[in-house]
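Single-letter residue listing:
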Amino acid sequence: MKLFNSDFFKPLIAQSQDSARRRSNTNLHQGPNDAVQRLFIAMEPDSYVRPHKHKEANKWEFFFVVKGSLLFITYTPEGIVTDKVILTAGGENQGLEIPPNVWHSTVALESETVFFEVKEGPYIATDDKGFAAWSPAEGDASVAGYINKLKTVEIGESACL
């Protein structure tokens, strides 16, 4: 039996805060070839998840926030925001599932945000994501400003640089 309590999440949160990417994950599945990928992700507000989509027809994703608050954004292929949902642990909206081929990104709205993700495997890093050309690459000098833009951009507006 695996127990997921505050003691389980403390090291994950500490790893995210010490990480250059400002996020960290703990896999519950055995490896990348597993049919179901299950993981907890701890994320800080300055972590950048570049807008992307999963290109394979079976790559749906499920997110459920267990601590903190997460902004989930979807886009058209051209970078127009189609939806923004705030997921909050214990709140009105706590989780969601998205179908394959949906452009999306996430922004942690609170320090020590933790969410549970489930997706169909296997995970093949070179094939998993298609990144949006209209968004900055991870590590680009414009990322901090772009994260702020994602927090304030309205549905129907462009998220392009």
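Worth saying up front: this structure is predicted, and the values here are computed from it rather than measured.

A.B. asks: Just to check I follow, could you spell out the pairing of strand β6 (residues 81-88) for this structure?
C.D. replies: It is a general feature of regular strands that their side chains alternate between the two faces of the sheet. Sheet analysis places strand β5 (residues 69-75) next to β6, joined by 7 bridges and oriented antiparallel. Directly across from Leu 70, in β6, lies its bridge partner Leu 87. Linkage of β5 to β6, two consecutive antiparallel strands, is achieved through a turn of 5 residues, within which Gly 79 is found at a positive phi near 95 degrees.

A.B. asks: I would appreciate a short explanation of the nonpolar core in the present structure.
C.D. replies: Most often, soluble globular proteins have nonpolar side chains that are buried together. With 15 residues, the main nonpolar core has Ile 73, Tyr 75, Val 81, Trp 134, Tyr 146, Leu 150 and Ala 159 as its most contacted residues. Taken together, the elements giving at least two residues each to this core come down to β5, β8 (103-108) and α2 (143-152). Counting residues per element, this core draws most heavily on α2, which supplies 4 residues. In this structure, Leu 150 is in contact with Leu 71, Ile 73, Tyr 75, Lys 84, Ser 105, Val 107 and Ala 159, ignoring residues within four places of it in sequence. Counting residues in each nonpolar core, the second largest holds 13 residues, with Ile 41, Met 43, Val 65 and Phe 115 among its members.

A.B. asks: Sorry if this is basic, but what is going on with the pattern of salt bridges here?
C.D. replies: It is possible for side chains of opposite charge to pair when their charged atoms get near one another. Throughout the structure, instances matching the rule amount to 5 salt bridges. One salt bridge connects Arg 22 with Asp 46, and the closest N-O pair in it is separated by 2.9 Å. With Arg 22 in the loop between α1 (6-18) and β1 (23-27) and Asp 46 in the loop between β2 (36-43) and β3 (52-53), this residue pair connects regions lying 24 residues apart in the sequence. For Arg 22, a relative accessible area of 22% translates into the label partly exposed. One salt bridge in this structure joins Glu 117 and Lys 119, with 3.3 Å as the shortest N-O distance. Of the residues examined, Glu 117 reaches a relative accessible area of 5% and is grouped as buried.

Parameters and conventions
- Residues numbered from 1 in each chain as written.
- Predicted model: local features only at pLDDT ≥ 70, side-chain atom pairs only at ≥ 80, totals over all residues.
- Heavy atoms only, no water.
- Pairing = 2+ DSSP bridges.
- Helix = DSSP H or I, 4+ residues; strand = E, 2+ residues; numbered from the N terminus.
- Core = buried A, V, L, I, M, F, W, Y, C linked by side-chain atoms within 4.5 Å.
- Buried < 20%, exposed > 50% of the residue type's maximum accessible area, 1.4 Å probe, protein only.
- Contact = heavy atoms within 4.5 Å.
- Salt bridge = Lys/Arg side-chain N within 4 Å of Asp/Glu carboxyl O.

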